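Summary of structural features
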Amino acid sequence: MTATPPGFDDAQIERLSELLERRAVPFRGFNIEALDGFLSAIAVSPVDVPAEEWMPVVWGGREPRWDGEEERGQVHGLLAAHLAMCIARARHEGGELPEQLAPLMWLPSEEDDGLDGDEPEVGRDWALGFFEGVALRGDGWDRWLDRHEWIGGILDDLELLASDGASGDDPDASPGYRERLEIVLEIPGMLADLYRNRPPRH
């Protein structure tokens, strides 16, 4: 059993989410769900990605100008705590995943269950964020995939989550709500498999 990392509680998640909506999303950066996918990819990456490289991506390519070093340190601390939570999620072994390690993504309420027509694109932002993280070390992921074909199955499922029937070339290829939810429920296991099979890091 992996202990939950301290220092990333609901209040801090809310604070980080608010910062992202104000300082990242308007500049093509991440919302909290996309950030969770992005940092999950960093956590399981076959090649290290230093913070100074991935942090600017969060904000759309350039880190905002903060109101002094204190605020900058607080924001960096929130991002580091989020990454630590993603690592703890990927390292979790045995038993049910604790609620505090669950992927941060929007899910419809029970009242919305069984929607028809415009079905919610559950997990799409998360998967798009994940692939942004993969892209930072694309060559490393390609080499890893060449040695382990099963990784392709995980990426194929996440590509389904990332698809958008409304703007894609083949709307019929975009999964429905039920299929999306099934993939979402498998994400913690996917991350655990990737983490356990990462190449040794130097």
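Residues numbered from 1 in each chain as written. Predicted model: local features only at pLDDT ≥ 70, side-chain atom pairs only at ≥ 80, totals over all residues. Heavy atoms only, no water.

Let's shift gears to the overall build of the protein. Scanning the protein for helices and strands turns up eight helices and zero strands. Along the protein, helices and strands appear, N-terminal first, in the series α-α-α-α-α-α-α-α. Every one of the 202 residues in the protein was classed for burial, and the buried ones make up 45%. A sequence separation of at least 24 residues applies to 73% of the contacts in the protein between residues at least 6 apart. Summed over its atoms, the accessible surface of the protein is roughly 11100 Å², and 47% of this surface lies on carbon and sulfur atoms. (Helix = DSSP H or I, 4+ residues; strand = E, 2+ residues; numbered from the N terminus. Buried < 20%, exposed > 50% of the residue type's maximum accessible area, 1.4 Å probe, protein only. Contact = heavy atoms within 4.5 Å. Areas by Shrake-Rupley, 256 points an atom, 1.4 Å probe, with all protein chains shown as cover.)

So, on to the environment of Arg23. Relative to the helices and strands, Arg23 resides in helix H1 (residues 10–23). The exposure class of Arg23 is buried, given its relative accessible area of 19%. The spacing of Arg23 and Trp59 is 36 residues in sequence and 6.9 Å in space, taken between C-alpha atoms. Leaving out residues up to four positions away in the same chain, Arg23 has contacts with Trp59, Pro64, Arg65 and Trp66. In this structure the side chain of Arg23 is engaged in a polar contact, spanning 3.1 Å, whose partner is the backbone oxygen of Arg65. (Polar contact = N/O pair within 3.5 Å; in protein donor to acceptor, adjacent residues only side chain to side chain.)

So, on to the packing of helix H2 (residues 32–44) against helix H5 (residues 124–135). At their nearest, the axes of H2 and H5 sit 6 Å apart, and the two run at 40° to each other. Here H2 runs over H5; the crossing is right-handed. From H2, Glu33, Ala34, Asp36, Gly37, Phe38, Ser40, Ala41, Ile42 and Val44 reach across to H5, where they touch Arg124, Asp125, Trp126, Gly129, Phe130, Glu132, Gly133 and Val134. (Axes fitted to C-alpha atoms, helices over the stretch in contact; angles between N-to-C directions. Left-handed = near helix turned anticlockwise from the far one by under 90°.)

Among the nonpolar cores identified, the biggest contains 30 residues, and Leu35, Trp54, Val58 and Leu79 are the most heavily contacted of them. At the level of secondary structure, the elements contributing two or more residues to this core comprise H1, H2, helix H3 (51–58) and helix H4 (69–91). Of all the elements, H4 adds the most residues to this core, at eight residues. Those residues in contact with Val58 that lie beyond four places of it in its chain are Leu20, Ala24, Gly29, Phe30, Leu35, Phe38 and Leu79. Counting 24 residues, the second largest nonpolar core, distinct from the first, contains Val44, Ala90, Met105 and Leu158. (Core = buried A, V, L, I, M, F, W, Y, C linked by side-chain atoms within 4.5 Å.)

What follows deals with the pattern of salt bridges. Across all of its chains, the model carries seven salt bridges by this definition. Between Arg196 and Asp193 there is a salt bridge; the shortest N-O distance is 2.6 Å. Taken together, the residues Arg196 and Asp193, both in helix H8 (residues 177–196) and three residues apart, mark about one turn of the helix. Overall, Arg196 belongs to the partly exposed group, its relative accessible area being 47%. Three or more residues are tied together by salt bridges with common partners; here these are Arg15, Glu18 and Arg22. (Salt bridge = Lys/Arg side-chain N within 4 Å of Asp/Glu carboxyl O.)

Backbone geometry follows two general trends: most residues other than glycine have a negative phi, and most peptide bonds adopt the trans configuration. At Arg28, a position not held by glycine, the phi torsion is positive, near 65°. With respect to the helices and strands, the residue Arg28 is situated in the loop between H1 and H2.

All right, on to the packing of H2 against H8 then. Viewed as axis vectors pointing N to C, H2 and H8 meet at an angle of 30°, and their least axial separation amounts to 9 Å. Classified by the angle between their axes, H2 and H8 sit roughly parallel to one another. Only Leu191, Leu194 and Tyr195 of H8 make contact with H2, whose side of the interface consists of Ser40, Ala43 and Val44. Partitioned by chemical class, the residues of the contact of H2 with H8 number five nonpolar, one polar and no charged. (Parallel < 35°, antiparallel > 145°, perpendicular 65-115°, else oblique. Nonpolar A, V, L, I, M, F, W, Y, C, P; charged D, E, K, R; others polar.)

Further remarks concern H1. Side chains of residues three or four places apart in an α-helix project in the same direction, reflecting 3.6 residues per turn. Taking 1.5 Å as the rise per residue, H1 with 14 residues should run 20 Å; its terminal C-alpha atoms sit 20 Å apart, in good agreement. Of the residues making up H1, those classed as buried are Ile13, Leu16, Leu19, Leu20 and Arg23. For H1, the angular spread of the buried residues around the axis is 125°, confining them to a single face. Exposed side of H1, more than 90 degrees from the buried face: Asp10, Ala11 and Glu14 are the residues found there. Contacts from the buried residues of H1 go to H2, H3 and H4. (Expected span 1.5 Å × (residues − 1). Arc of directions from axis to C-beta.)

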